[in-house]
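# Descriptive analysis of the structure
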Amino acid sequence: MLSGYLVREMRDDEVEEIILTEYEHFGYSVFADLSTSDYRKKVVVCEEDGKIAGFAVLYWDDENFHIGSLIVKVEFRNRGVGRMLIERASREAYKLGFPKVYADVSVSSDALEFYMSNGFEIEETIRHYYGISKHAFRLSLTV
Ligand SMILES: CC(C)(COP(=O)(O)OP(=O)(O)OC[C@H]1O[C@@H](n2cnc3c(N)ncnc32)[C@H](O)[C@@H]1OP(=O)(O)O)[C@@H](O)C(=O)NCCC(=O)NCCS
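If you check an unreviewed UniProt entry, the protein appears there as Acetyltransferase from Geoglobus ahangari.

## Topic: the overall build of the protein
In terms of helices and strands, the protein carries 4 helices and 7 strands. Ordered by position from N to C terminus, the α and β elements of the protein give β-α-α-β-β-β-α-β-α-β-β. Rg of the C-alpha trace for the protein: 14 Å, near the compact-globule value of 15 Å for 143 residues, within the 12% margin. Taking all 143 residues of the protein together, the buried fraction comes to 44%. Partitioning the intrachain contacts of the protein with sequence separation of at least 6 by distance along the chain shows that 55% fall at a separation of at least 24.

## What to know about the packing of aromatic side chains
Under the defined criterion, the tally for this structure stands at 7 aromatic pairs. Centre to centre, the rings of Tyr129 and Tyr130 are 4.7 Å apart; their planes meet at 85°, and the pair counts as edge-to-face. On the accessibility criterion, Tyr129 (37% relative accessible area) is partly exposed. Of the aromatic side chains, those joined through ring pairs into one cluster are Trp60, Phe65 and Phe98. Against the face of Phe31 rests Lys41, its NZ or CZ located 4.8 Å from the ring centre.

Calculation criteria
- Residues numbered from 1 in each chain as written.
- Predicted model: local features only at pLDDT ≥ 70, side-chain atom pairs only at ≥ 80, totals over all residues.
- Heavy atoms only, no water.
- Helix = DSSP H or I, 4+ residues; strand = E, 2+ residues; numbered from the N terminus.
- Rg over C-alpha atoms; globule rule 2.2 N^0.38 Å.
- Buried < 20%, exposed > 50% of the residue type's maximum accessible area, 1.4 Å probe, protein only.
- Contact = heavy atoms within 4.5 Å.
- Phe/Tyr/Trp six-rings, centres within 6.5 Å; stacked < 30°, edge-to-face > 60°.
- Lys NZ or Arg CZ within 6 Å of the ring centre and 35° of its normal.

Listed below in structure tokens is the structure:
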């Protein structure tokens, strides 16, 4: 792990920051949407000097384990924070007995390269996932 950074579980008083950051980046909150689903979920955050540098919203059911969102704040990017969060997500999946971590990303997203450079592979294309003609790749990483 990079020095100065700590990866840990989210605290209850950080829920609002997570939801607002998701809205800022995506216009919706995966964390909030999960509240009305049957999925189990966990948020892992990477902090530096008491500030949240980035976080990943993880969720799973009996079948699969997913990264629902992963955001690194702009001022903390390109320092390996995203990679640390993926490593933590893989460990969480492994501890729960899942062989893979899944992530769905838009075919036109910058995040695609980020995931691919962290070992993810394209499993399938999900057509019209984000709306008409807005396709997604389902990516997976073997843990
Ligand atoms: C994508 C994101 C999470 C990357 O976080 P980060 O902390 O800057 O990434 P890291 O520093 O850990 O980079 C890890 C690897 O991914 C690569 N990478 C990171 N961002 C990239 C990008 N936008 N395009 C291509 N490659 C990228 C890095 O080059 C690095 O690879 P390398 O070690 O081979 O050079 C961050 O840019 C972000 O929060 N974006 C907005 C939200 C988003 O799109 N989230 C993902 C979908 S849920």
